[in-house]
Amino acid sequence: MVTCDLASVSADDVRDVINITSEEVSDDKISKMIKRAQVTLELETNKQVDSSDCSEAEKEAITILSAVYAICYLTGGSAVGLSFSVGDQDVNVLDSAPPLMVLQSELERILNKLRGSTLRRI
């Protein structure tokens, strides 16, 4: 019998992606972003997802999408589902963040794999 370890998305996971602190974006804000990303992933994959009990691939997709939402929040941009609008990125907080296009490409790659695969939980 094959078992798989399930993962959980945390606020720190999201902040680590873009190198920010809890002072810059609170746990409450990040938690809301994680929930939005979870719902978006469910809609994109047509699968039920729980960000506190998910596969590593689902965790990565939710974490990256939440990080994009955090970038939008920090820059005054906006995000709905997988559509993003980010204004000027010359914000000091984001100096060490990966480029938005890199995160978006990684998210699309993961989503394509999740859409095409059947995830089974035992």
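Everything numeric here is computed off the predicted structure, so don't read it as measured data.

Scoring rules and cut-offs
- Residues numbered from 1 in each chain as written.
- Predicted model: local features only at pLDDT ≥ 70, side-chain atom pairs only at ≥ 80, totals over all residues.
- Heavy atoms only, no water.
- Helix = DSSP H or I, 4+ residues; strand = E, 2+ residues; numbered from the N terminus.
- Areas by Shrake-Rupley, 256 points an atom, 1.4 Å probe, with all protein chains shown as cover.
- Salt bridge = Lys/Arg side-chain N within 4 Å of Asp/Glu carboxyl O.
- Buried < 20%, exposed > 50% of the residue type's maximum accessible area, 1.4 Å probe, protein only.
- Polar contact = N/O pair within 3.5 Å; in protein donor to acceptor, adjacent residues only side chain to side chain.
- Contact = heavy atoms within 4.5 Å.
- Axes fitted to C-alpha atoms, helices over the stretch in contact; angles between N-to-C directions.
- Parallel < 35°, antiparallel > 145°, perpendicular 65-115°, else oblique.

Undergrad: What am I meant to see in the overall build of the protein here?
TA: Across its full length, the protein holds four helices and two strands. Its helices and strands taken in sequence order, the protein reads α-α-α-β-β-α from the N to the C terminus. Counting every atom, the protein has about 7,100 Å² of accessible surface; 47% of that belongs to carbon and sulfur.

Undergrad: Got a minute to help me understand the pattern of salt bridges in this structure?
TA: Under the defined criterion, the tally for this structure stands at five salt bridges. Between D12 and R15 there is a salt bridge, and its shortest N-O distance comes to 3.0 Å. One end of the pair is D12 and the other is R15, both in helix α1 (residues 11–18) and three residues apart, which spans about a single turn. Its relative accessible area of 47% is what places D12 among the partly exposed residues. Counted as one network, the salt bridges with shared partners bring together D12, R15 and D27.

Undergrad: Hey, could you run me through unusual backbone geometry in this one?
TA: The phi angle of most residues is negative, glycine excepted, and most peptide bonds adopt the trans form. A positive phi angle is found at N19, which is not glycine, with a value near 60°. On the secondary structure map, N19 appears in the loop between α1 and α2 (27–45). Even without being glycine, N46 reaches a positive phi, approximately 60°. Note on N46: relative accessible area 73%, which makes it exposed.

Undergrad: What's the story with the side chain of T75 in this structure? I'm lost.
TA: Take T75: it is sitting in helix α3 (residues 56–75). On the accessibility criterion, T75 (15% relative accessible area) is buried. From its side chain, T75 meets the backbone oxygen of I71 in a polar contact 2.9 Å long.

Undergrad: Explain the environment of A70 here, please?
TA: Within the secondary structure layout, A70 lies in helix α3. Taking relative accessible area as the criterion, A70 reaches 0% and is therefore assigned buried. Taking the C-alpha atoms as reference points, A70 and V25, 45 residues apart in sequence, are found 7.5 Å from one another. Setting aside residues up to four positions removed in sequence, A70 forms contacts with I18, I30 and M33.

Undergrad: How should I be thinking about the packing of α1 against α2 in this particular structure?
TA: A pair of packed helices is characterised by two quantities: the angle between their axes and the separation of those axes. Their axes nearest at 9 Å, the elements α1 and α2 cross at an angle of 90°. Classified by the interaxial angle, the pair formed by α1 and α2 is roughly perpendicular. Across from A11, V14 and R15 in α1, the residues of α2 making contact are D27, I30 and I34.

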